[in-house]
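Structure at a glance
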There are 2 protein chains.
Amino acid sequence: MNIATIGTSTITVRFVEAVRKSGKLTLAGAYSRSAEKANKLGAPRVFTDLEELAGSKEIDVVYIASPNSLHFEQALLLMKKKKHIICEKPMFSTAKELEEAFKTADENGVFLFEAFRNLYTLNHDRLKEAVEKVGTVRHSFLQYMKYSSRYDNVLAGEEPNIFSPKFSGGALVDLGVYPISLAVSLFGKPKNVSCHVTMLPTGVDGSGSVILDYGTHTCTAMFSKITDSYLPGEISGEDGTIVIDHVAPISTIEFTNRRTGDQEQLAVQEEENDMIYEAEAMAAIIESNDQEKYAHFRSVSEIVIHITEEARRQAGIVFEVEK
Amino acid sequence: MNIATIGTSTITVRFVEAVRKSGKLTLAGAYSRSAEKANKLGAPRVFTDLEELAGSKEIDVVYIASPNSLHFEQALLLMKKKKHIICEKPMFSTAKELEEAFKTADENGVFLFEAFRNLYTLNHDRLKEAVEKVGTVRHSFLQYMKYSSRYDNVLAGEEPNIFSPKFSGGALVDLGVYPISLAVSLFGKPKNVSCHVTMLPTGVDGSGSVILDYGTHTCTAMFSKITDSYLPGEISGEDGTIVIDHVAPISTIEFTNRRTGDQEQLAVQEEENDMIYEAEAMAAIIESNDQEKYAHFRSVSEIVIHITEEARRQAGIVFEVEK
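Residues numbered from 1 in each chain as written. Chains lettered and ligands numbered in written order. Predicted model: local features only at pLDDT ≥ 70, side-chain atom pairs only at ≥ 80, totals over all residues. Heavy atoms only, no water.

Here's the deal with the UniProt feature "domain: GFO/IDH/MocA-like oxidoreductase" (unreviewed entry) in chain A
The condition that has to hold: UniProt positions are given in the numbering used here, feature names are shortened, and annotations may be inferred rather than shown by experiment. Each helix is a run of DSSP H or I of at least 4 residues and each strand a run of E of at least 2, with the numbering of both proceeding from the N terminus.
UniProt records the feature "domain: GFO/IDH/MocA-like oxidoreductase" (unreviewed entry) at residues 132-243 of chain A, using the numbering of this structure. A helix fraction of 21% and a strand fraction of 38% characterise residues 132-243 of chain A, whose end C-alpha atoms lie 14 Å from each other.

Quick notes on the interface of chain B and chain A
The following threshold applies: Contact between two residues is taken to exist if any of their heavy atoms lie within 4.5 Å; hydrogens are not considered. Two parts placed together each lose some accessible area under a 1.4 Å probe, and the buried area is that loss summed for both. Every case where a carboxyl oxygen of Asp or Glu lies within 4 Å of a side-chain nitrogen of Lys or Arg is listed as a salt bridge. The definition of a polar contact used here is a pair of N or O atoms within 3.5 Å, where within protein one atom must be able to donate a hydrogen and the other to accept one, and adjacent residues in sequence count solely through side-chain atom pairs.
Across the boundary between the two partners, chain B contributes 43 residues, which contact 43 residues of chain A. Carbon and sulfur atoms make up 59% of the surface buried where chain B meets chain A, a total of about 3300 Å² over both sides. If you sort the residues of chain B by the area they bury against chain A, His 196, Tyr 230 and Arg 258 of chain B come out on top, with a joint share of 18%. At the boundary of chain B and chain A, one finds zero salt bridges. The tally of links between chain B and chain A comes to 22 residue pairs in polar contact (both at pLDDT 80 or more). Of all the secondary structure elements, the ones that give two or more residues to the side of chain B that touches chain A are strand S7 (137-145), helix H7 (150-155), strand S8 (192-199), strand S9 (205-213), strand S10 (218-224), strand S11 (233-237) and strand S12 (240-244) of chain B.

Some details on the relation of the copies chain B and chain A
Condition: The fit set for superposing copies consists of C-alpha atoms from residues with pLDDT of at least 70 in both; the fit itself is least squares.
Take chain B, turn it by 180°, move it 0.0 Å along the axis, and it overlays chain A with an RMSD of 0.0 Å. What we have between these two chains is a two-fold relation. A shared interface surface links the copies, since 100% of the contact residues of chain B are contact residues in chain A too.

So, the side chain of Asn 118 of chain A
All names here are of chain A. Positionally, Asn 118 belongs in the loop between strand S6 (112-114) and helix H6 (122-130). A polar contact of 3.4 Å, which involves the side chain of Asn 118, links it to the backbone oxygen of Val 247. Excluding its chain neighbours within four sequence positions, the residues that come into contact with Asn 118 are His 124, Tyr 178, Ser 181, Leu 182, Val 247 and Ala 248.

Concerning the domain arrangement of chain A
Residues and elements named next belong to chain A. As a reminder, the rule being used: The domain boundaries here were taken from an automatic or database domain assignment.
Taken as a whole, chain A is organised into domain 1 (2-110) and domain 2 (119-322). If you average the C-alpha positions of domain 1 and of domain 2, the two centres end up 24 Å apart. Contact with domain 1, which involves 31 residues of that partner, is made by 33 residues of domain 2. Both faces considered, domain 1 and domain 2 share a buried interface measuring about 2600 Å² in area, 64% of it formed by carbon and sulfur atoms. The largest contributions to the domain 1 side of the interface with domain 2 come from Arg 14, Lys 89 and Phe 102, which together make up 21% of the buried area. There are four salt bridges connecting domain 1 and domain 2. A salt bridge links Lys 89 to Asp 174, with the shortest nitrogen-to-oxygen separation between them at 3.4 Å. If you look at where domain 1 meets domain 2, you find nine residue pairs in polar contact (both at pLDDT 80 or more).

Here's the deal with the nonpolar core
Rules: Buried Ala, Val, Leu, Ile, Met, Phe, Trp, Tyr and Cys residues that are joined via side-chain atoms within 4.5 Å together make up what is termed a nonpolar core. Relative accessible area decides the class of each residue, using a 1.4 Å probe on protein chains only: under 20% of the type maximum gives buried, over 50% gives exposed, and in between gives partly exposed.
Within the largest apolar cluster, 111 residues are counted, with the highest numbers of intra-cluster contacts made by Leu 53, Leu 112 and Ile 242 of chain B. A per-element tally of this core places helix H8 (residues 171-187) of chain B first, with twelve residues. When residues of this core are assigned to domains, at least three fall in each of domain 1 (2-112) and domain 2 (121-322) of chain B. If near-sequence neighbours (up to four positions away) are discounted, Leu 112 of chain B is found in contact with Met 79, Ile 85, Met 91, Phe 92, Ala 101, Phe 102, Ala 105 and Tyr 294 of chain B. If you look at the next biggest cluster of nonpolar residues, it comprises 110 residues, including Ala 65, Met 91, Val 173 and Leu 266 of chain A.

This is the structure in structure tokens:
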């Protein structure tokens, strides 16, 4: 299958590398408003007109890594021309957009994937198996907190895309979706959500916490783009506790048996570029028309956007597209 | 000053040891309904009648470590007879009880202390100084989660005191008050609180999470008596991050400078029995009539009970005394 890319930032470069290494997809095109920038990705064809990309017969799949606020319009245009979509997280700004996009995907017989790279990895699946060991899960804690160099711009009075409501930015939707999507992948849809954030002068959050209430278990997720954290993640049950080094990528999974104190290391060594796993998995689902796996990932995207939308409502974060 | 104790469990034994080591207080009496049990504490006088203890001229201070639901009645009786009180946490079941108790303390010219042992230690003060180093605090995370052997009784269908609404039990008020009181001691009163818990069949919580929203900073506190956690605590700001090994006792305090990556170890070696620090501090405050320090600790108790009361309201935890 031939794939084209939208966007030219670091993540696109990394995805292109993953495509090359995976061997399941062939890089056939690269779109950017700047031909010079797109050229650097090394695709055989460069597009500077999105309509032209949409109409191009040789492209089967498009990877979208433009600013968040552009994903929806671009995905819709491309799906209507029968392109499968792999879209960077957060895929869309609102649940309404997500619903309409999946409807459009269905109508046009194409697949629409949100690139939660941490959910497609080997260690994600190892972790899912490991959760069985802790017995009744009673608490979990997951975080992604990393100081962004762009926050220096905010402190200087600017409004970089990633911290702008115009571009549907903020720490919750940028980094918070990693721990939240992992929780949803492992535990499903929570019954209730509570969220508090630290608001920035730009009108989006710089950091915050969300509690996902599963009734018999509470999951706490933290996110920040204005501080650094060294906290591991943890999933604990009545029989034991799992500690993971991080949510994306997951490099270590340690299980401690509460009664015996015995510890087991359950992670495997992964490829340094973890986007290989999502590229391969998505290509395989498209090729084999695997509706069951697709339904799972689609459901994760739907639940995550409902969580972040409710969290934003509680925290008072309003994106430009919602006004 | 002469002190008497109420209660004969492990914590009282530990407090009696702290009193002996501190040298600031003299163990003069021990109360229990069982003279045999009280005898084991080695006090010169044993009381089995609370009125008798209250009326005893040689006792200046009483340390209360009875079941939570008895603290209020016992403290009031004793304060009316001019005894200073050091009461185990959680001091009272409701904010209303706490308010009435402090009023009674004032009227009788006695001091009333909640034994948050983690707030009186050397490393608490080192941590408070260290917080200056992180710059604008943007996120903090504190936890106390330890599987209680009494939970085995709950699983067997019983209702041990510590998990009973009749005795004002549950993980939030038993262990949650450690991270919450530390947050209040460091950061003051939060603007908002959100809480979700895992309810047990007894009608109190087994574990949960609370977010303390400080506007410019969110603090997340987790607590559990039905799972084990290996997570450290963390306080992070724009300039760096502090990691502490635990909230009670705090044995390590590591500061990492975000820009340089330099790390500093800021904790000091403490006495193995950290109750020595509270015994000494409370005795010093009473002796010197230090109203300023007293006002601080009183304020922490007031804020903590308002937080746990609001958290219980949200989580639907109702104590017998409230019905």
